[in-house]
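Spelled out, the chains give:
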Amino acid sequence: MPETSTHPTAAASATKEKILWLSIVQGWAILLVVVGHVNCYTYAAEGEMYGLCTWVTRLCYAFHMPLFMFVSGGLLYYSRLAKGWSAKAVYADKFKRLVLPYLFFILLAMVLKGVLGGYTKRGAVDISLPTYLSALFNPSEGPLVEMWFVATLLWFMAMYPLFRWSMRNQYLETGLLAVTLLPFVAGMPWDTNGWFNLGGVPRYAFYFFGGMLFFKYRLYRYARGRIWVAAALTGVFLACVFGLRDGSAVTATVGILMSVAWGVIAEGRFPRLFSSFRDYSFQIFLIGIFPQMFLELFIWRRFPYEGLQIPFYVISCCSALLTAVVVSKCVKRIPSRLVRRFFGLK
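Residues numbered from 1 in each chain as written. Predicted model: local features only at pLDDT ≥ 70, side-chain atom pairs only at ≥ 80, totals over all residues. Heavy atoms only, no water.

**Student:** Lay out the nonpolar core in plain terms, naming residues and giving numbers.
**Tutor:** Membership of the largest hydrophobic core comes to 104 residues, with the highest contact counts inside it found for Trp21, Phe149, Phe163 and Met212. The greatest single-element share of this core, amounting to 11 residues, is contributed by helix α10 (residues 200-216). Discounting residues that sit within four places of it in the chain, Phe149 has contacts with Met65, Phe68, Met69, Ser72 and Phe285. (Core = buried A, V, L, I, M, F, W, Y, C linked by side-chain atoms within 4.5 Å. Buried < 20%, exposed > 50% of the residue type's maximum accessible area, 1.4 Å probe, protein only. Helix = DSSP H or I, 4+ residues; strand = E, 2+ residues; numbered from the N terminus. Contact = heavy atoms within 4.5 Å.)

What follows is the structure, encoded as structure tokens:
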């Protein structure tokens, strides 16, 4: 195992190139998130959606967040662990990249939902320090539920020394991977409330650590030039979605492998696929939900017609992608590094 550096300077001067197929998969993953955030409610019953929206949501939620965790784990290995970053350097880096956006966007959501509380589904939010601290501690019950993802990522980043230790040999890797499978095999509960979404760790550790191993052993190479692999995985994925229960680890894993296979194939045939937004996937996750919420509250709620589902999908998704990219490009021009950090930018 290479010596661990105490500062990322040397690592940063190493390879900075992007893995093209991974960029494509990132674009695909954030597109799934954006599509999954579209809610075409009928308003005839609590939480009831039209048939098309129900099935689209089911397809997206079958694997889109496990896919994001898989990609995040792979990136942690490729850009940090494989380059010998120390735990101290990783913690400092993730404070800037994850903690600052976490603090800022929960605050922003609290203020917006406090001001526009009469229009939101969950009612007015009290703009106060206790409300803010409670949302930080338990994002799933806060004004921006989607921040559970960032909170869970922070837990995985805190486990960096464990991941680094486990990759000393294949026996330790296999052992840790087996541990991450226990919640699925044993049916262990993972609905722990609070503690910065600690319950997300057993739910997603398999995908996160699996992504690290997938990158370490370059398993994506088996899909290169084999379109039949991607096609077969797509067929198996669809069979799983319609044949297995919701939230199946098998369905999510097949969906991840399917996405990687198509990404590897697209690398050679459509290298610019999703290029207009794929480099802003984290910013789209942070920002895109806001225009989508506004459109749902002020447009769909007034015109909840079944025949308008497809146009609404297009408008909602385009607004999320466009708003996030434009805002990000504008924020990049701001001289203050702290302000850029709040948006997850360098």
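**Student:** Describe the pattern of salt bridges, with residues and values.
**Tutor:** Evaluated as defined, the whole model comprises 5 salt bridges. With a shortest N-O distance of 3.6 Å, Lys94 and Asp93 are connected by a salt bridge. On the basis of relative accessible area, Lys94 is assigned to the buried category, the value being 14%. Within the structure, one salt-bridge network assembled from shared partners comprises Arg80, Asp93, Lys94 and Arg97. (Salt bridge = Lys/Arg side-chain N within 4 Å of Asp/Glu carboxyl O.)

**Student:** Go over the packing of helix α2 (residues 20-36) against helix α4 (residues 64-79), please, and point to the residues and values.
**Tutor:** For any two helices packed against each other, one specifies the crossing angle of their axes together with the interaxial distance. In the contact formed by α2 and α4, the axes pass within 9 Å of each other and the chain directions differ by 150°. Between α2 and α4, the angle is such that the two are roughly antiparallel. In the crossing of α2 with α4, the sense of the turn from one axis to the other is left-handed. Residues Leu22, Val25, Gln26, Trp28, Ala29, Ile30, Leu32 and Val33 of α2 form the contact with α4, whose participating residues are His64, Met65, Leu67, Phe68, Val71 and Leu75. (Axes fitted to C-alpha atoms, helices over the stretch in contact; angles between N-to-C directions. Parallel < 35°, antiparallel > 145°, perpendicular 65-115°, else oblique. Left-handed = near helix turned anticlockwise from the far one by under 90°.)

**Student:** Pulling in residues and values, what's your account of helix α9 (residues 170-186)?
**Tutor:** Because each turn of an α-helix spans 3.6 residues, side chains separated by three or four positions in sequence point in the same direction. Helix length check: α9, at 17 residues, gives a terminal C-alpha distance of 24 Å against a target of 24 Å (1.5 Å per residue), a fit within 8%. Along its length, α9 reaches its greatest deviation from straightness, about 35°, at Thr180, and the proline Pro183 lies no more than four positions downstream. On its buried side, α9 packs onto α8 (160-166) and α10. The backbone nitrogen of Tyr171 lies 3.0 Å from a side-chain oxygen of the residue at the head of α9, namely Asn169. (Expected span 1.5 Å × (residues − 1). Bend = angle between axes of the 7 residues up to and from the residue. Polar contact = N/O pair within 3.5 Å; in protein donor to acceptor, adjacent residues only side chain to side chain.)

**Student:** Pulling in residues and values, what's your account of the packing of helix α3 (residues 51-61) against helix α15 (residues 309-332)?
**Tutor:** Remark: α3 packs on α15, axes separated minimally by 10 Å, with the N-to-C direction vectors making an angle of 45°. By the angle between their axes, α3 is oblique relative to α15. In the crossing of α3 with α15, the sense of the turn from one axis to the other is right-handed. On α15, the residues touching Leu52, Cys53, Val56 and Thr57 of α3 are Gln309, Ile310 and Tyr313. Looking at the contact of α3 with α15 residue by residue, the class counts come to 5 nonpolar, 2 polar and no charged. (Nonpolar A, V, L, I, M, F, W, Y, C, P; charged D, E, K, R; others polar.)

**Student:** With reference to specific residues and values, describe the packing of aromatic side chains.
**Tutor:** This model, assessed by the stated rule, comprises 31 aromatic pairs. When the ring of Phe137 is compared with that of Trp195, the centres are 5.2 Å apart and the planes differ by 65°; the resulting orientation is edge-to-face. With a gap of 58 residues between them, Phe137 in helix α6 (residues 129-137) and Trp195 in the loop between α9 and α10 connect regions that are remote in the sequence. For Phe137, a relative accessible area of 32% puts it in the partly exposed group. With a relative accessible area of 52%, Trp195 lands in the exposed category. With 5.7 Å between their ring centres and 75° between their planes, Phe137 and Phe196 make a pair best called edge-to-face. Of this pair, Phe137 sits in helix α6 while Phe196 sits in the loop between α9 and α10, placing them 59 residues apart in sequence. (Phe/Tyr/Trp six-rings, centres within 6.5 Å; stacked < 30°, edge-to-face > 60°.)

**Student:** Before we move on, can you summarise the environment of Val35 with the specific residues and values?
**Tutor:** Tracing the backbone shows Val35 in helix α2. Residue class for Val35 comes out buried when judged on its relative accessible area of 18%. For the pair Val35 and Ala320, spaced 285 residues apart in the sequence, the C-alpha separation amounts to 9.6 Å. If near-sequence neighbours (up to four positions away) are discounted, Val35 is found in contact with Val56, Cys60, Tyr313 and Cys317.

**Student:** Go over helix α7 (residues 148-158) with me, naming the residues and quoting the values.
**Tutor:** Buried residues dominate α7, accounting for 8 of its 11 residues. Taken as a whole, α7 has its buried residues at Trp148, Phe149, Val150, Ala151, Thr152, Leu153, Phe156 and Met157. The elements touched by buried residues of α7 are α4, α5 (87-115), α8, α10 and α13 (281-287).

**Student:** Before we move on, could you go through the environment of Arg278 and cite the residues and values that matter?
**Tutor:** Relative to the helices and strands, Arg278 is located in the loop between α12 (249-269) and α13. Judged by relative accessible area, which is 10%, Arg278 ranks as buried. Along the backbone, Arg278 and Phe290 are 12 residues apart, and their C-alpha atoms lie at a distance of 19 Å.

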